[in-house]
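# Summary of the model geometry
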Amino acid sequence: MVEESKFAIVAKDLVKNFDLPSGDSVNVLTGLDLEIYQGEFVAIMGPSGSGKSTLVNILSTLETITGGDVNVGGVQLDSLSSNDLLNFRRAHSAIIFQSFALIDYLTAIENVKLPLIVRGISQDEAEAKALHFLEAVDLYSRKDHLPEELSGGEQQRVAIARALAHEPKIIYADEPTGNLDAVTGMKIIHLLKEISHSMGITVIMVTHDHKAAMETDRVYILQEGKVIKEKSEEIGERTSK
Ligand code: ADP
Ligand code: MG
């Protein structure tokens, strides 16, 4: 439905308000513009509360917009019904969380197989693909371990293998190294970079870590719901914490 070469994200004057039970409304995104190209590895930085997670949730279609335009891969998101949004997300996106979000009673390979089974792929083919994706994150030898038997870094690698099992155009990662030590976190960043550059998958990563941002192709810095700075090199001291 979408031509490969067109796959990119363009947000123009994006506005997101949340209505509170009190009747008040919080204006979280206040006219945000950005452009992301297919295959880019992009960092989103900014102070806590600046709207980073809200932006990622909108781009990944978990949240709807209040105003402006968001075009993902040539598709205007606000033109899709909620059912079409779900299908669109399943076909194009995968999400990685700070908390890994693995299913704790499933082994590594079972966690990676799950999205394949949900897509209706046969058990044998799902098994073969899941092994392939676990190999890609260098975890073949841990395939039969439960999450609790794996280190944080290994759990995040399983989550990345599971993301790959969606065969996504875009991977969203909201602070994927937030629960990891610096050295392990950097290994995850390098893995995401390699995935982006060798597989042509767009990776959009929220991070507070300047060193992590230095590994990306482009950095967007948010403040009060807007992009205040875009950098493609030389990530400086104005960024978050
Ligand atoms: P960040 O990820 O940059 O820390 P968020 O996008 O999570 O920021 O949140 C930005 C602001 O939006 C915060 O002030 C937060 O309290 C508010 N917010 C986020 N989600 C909701 C919601 N569902 N309802 C009301 N306010 C929200
Ligand atoms: Mg956040």
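Here's what I pulled together on the structure shown here. As a convention, each chain's residues are numbered from 1 in the sequence order in which they are written. Working convention: letters from A go to chains and numbers from 1 go to ligands, in the order in which they are written. Per-residue local features of the predicted model are confined to residues with pLDDT of at least 70, and side-chain atom pairs are confined, for both listing and counting, to 80 or more; whole-chain, interface and lining totals are unaffected and use all residues. The basis for the side-chain values is all heavy atoms of the structure; hydrogens and waters are excluded.

## Considering the overall build of the protein
Each helix is a run of DSSP H or I of at least 4 residues and each strand a run of E of at least 2, with the numbering of both proceeding from the N terminus. Of regular secondary structure, the protein possesses seven helices and ten strands. Relative to a compact globule of 241 residues, whose C-alpha radius of gyration would be 18 Å, the protein shows 18 Å and is just as compact. Each of the three principal axes of the protein carries a C-alpha extent, and together these read 50 × 40 × 40 Å. Counting only residues that meet the buried cut, the protein has 49% of its 241 residues in that class. Contact definition: two residues touch when any of their heavy atoms are within 4.5 Å. When contacts within the protein are restricted to residue pairs at least 6 apart in sequence, long-range pairs at least 24 apart make up 69% of them. The protein carries 23 positive and 36 negative side-chain charges, and their two centres are separated by 2 Å. C-alpha atoms define the radius of gyration, and 2.2 Å times the number of residues to the power 0.38 defines the globule rule. For every residue, the accessible area (1.4 Å probe, protein chains only) is compared with the maximum for its type, and the residue is labelled buried under 20%, exposed over 50%, or partly exposed between those bounds. Note that His is not counted, nor are the chain ends; the positive residues are Lys and Arg, and the negative ones are Asp and Glu. We put the charge of a Lys on NZ, of an Arg on CZ, of an Asp on CG and of a Glu on CD.

## Quick word on the site of ligand 1
Throughout, near means a residue has at least one heavy atom within 4 Å of the molecule or strand. Taken together, the residues surrounding ligand 1 are Phe18, Leu20, Val28, Pro47, Ser48, Gly49, Ser50, Gly51, Lys52, Ser53 and Thr54. In this structure, an oxygen atom belonging to ligand 1 sits 2.9 Å away from a main-chain N or O atom of Ser53. Here ligand 1, which alone exposes 560 Å², has 60% of that area covered by the protein. If one sorts the elements of the shell around ligand 1 by residue count, helix 1 (residues 52-59) sits on top with three residues. Tallied by class, residues from the shell around ligand 1 come to four nonpolar, six polar and one charged. In protein, a polar contact requires one atom able to donate a hydrogen and another able to accept it; more generally it is a pair of N or O atoms within 3.5 Å, and residues adjacent in sequence count only if both atoms are side-chain atoms. Computed with a 1.4 Å probe, the accessible areas rest on the Shrake-Rupley method; for each residue, only the protein chains presented here act as cover. When residue character is reported, Ala, Val, Leu, Ile, Met, Phe, Trp, Tyr, Cys and Pro are called nonpolar, Asp, Glu, Lys and Arg charged, and the others, Gly included, polar.

## Quick word on the pairing of strand 8 (residues 202-206)
Burial within strand 8 is extensive, with five of its five residues counted as buried. Burial of the side chains of strand 8 extends over both faces: Thr202, Ile204 and Val206 are buried on one face and Val203 and Met205 on the other. For two strands to pair, DSSP has to find at least two bridges joining them. Here strand 3 (residues 41-45) pairs with strand 8 via four bridges, running parallel. Within the sheet, the bridge partner assigned to Phe41 lies in strand 8 and is Val203. With five bridges joining them, strand 7 (residues 170-174) and strand 8 adopt parallel strand pairing. Counted as the bridge partner of Ile170 is Thr202 from strand 8. With the strands aimed away from the viewer, a crossover counts as right-handed if its path from the first strand over the helix to the second runs clockwise. In the classification by handedness, the crossover that spans strand 7, the intervening helix 6 (residues 182-199) and the parallel strand 8 is right-handed.

## A short note on the layout of surface pockets
In this analysis the probe radius is 1.4 Å and the grid spacing 1 Å, with only protein atoms considered; a cavity is a set of points the probe fits into but cannot get out of, a pocket is an open set with protein on both sides within 12 Å along at least five of seven lines, and lining residues have an atom within 4 Å of a point. Grid points are joined across faces, edges and corners, and a volume is the space filled by probe spheres set on the points. Here the largest pocket is characterised by a volume of approximately 430 Å³. Looking at the largest pocket, it is lined by 16 residues, and the ones nearest its centre are Arg90, Ser93, Ala94, Pro115 and His166. Per-element tally for the lining of the largest pocket: the top contributor is strand 6 (residues 93-97), with four residues. Residues of the lining of the largest pocket, tallied by class, amount to ten nonpolar, two polar and four charged. Within this model, the second largest pocket holds a volume of roughly 170 Å³. Considered class by class, the residues forming the lining of the second largest pocket number three nonpolar, five polar and four charged.

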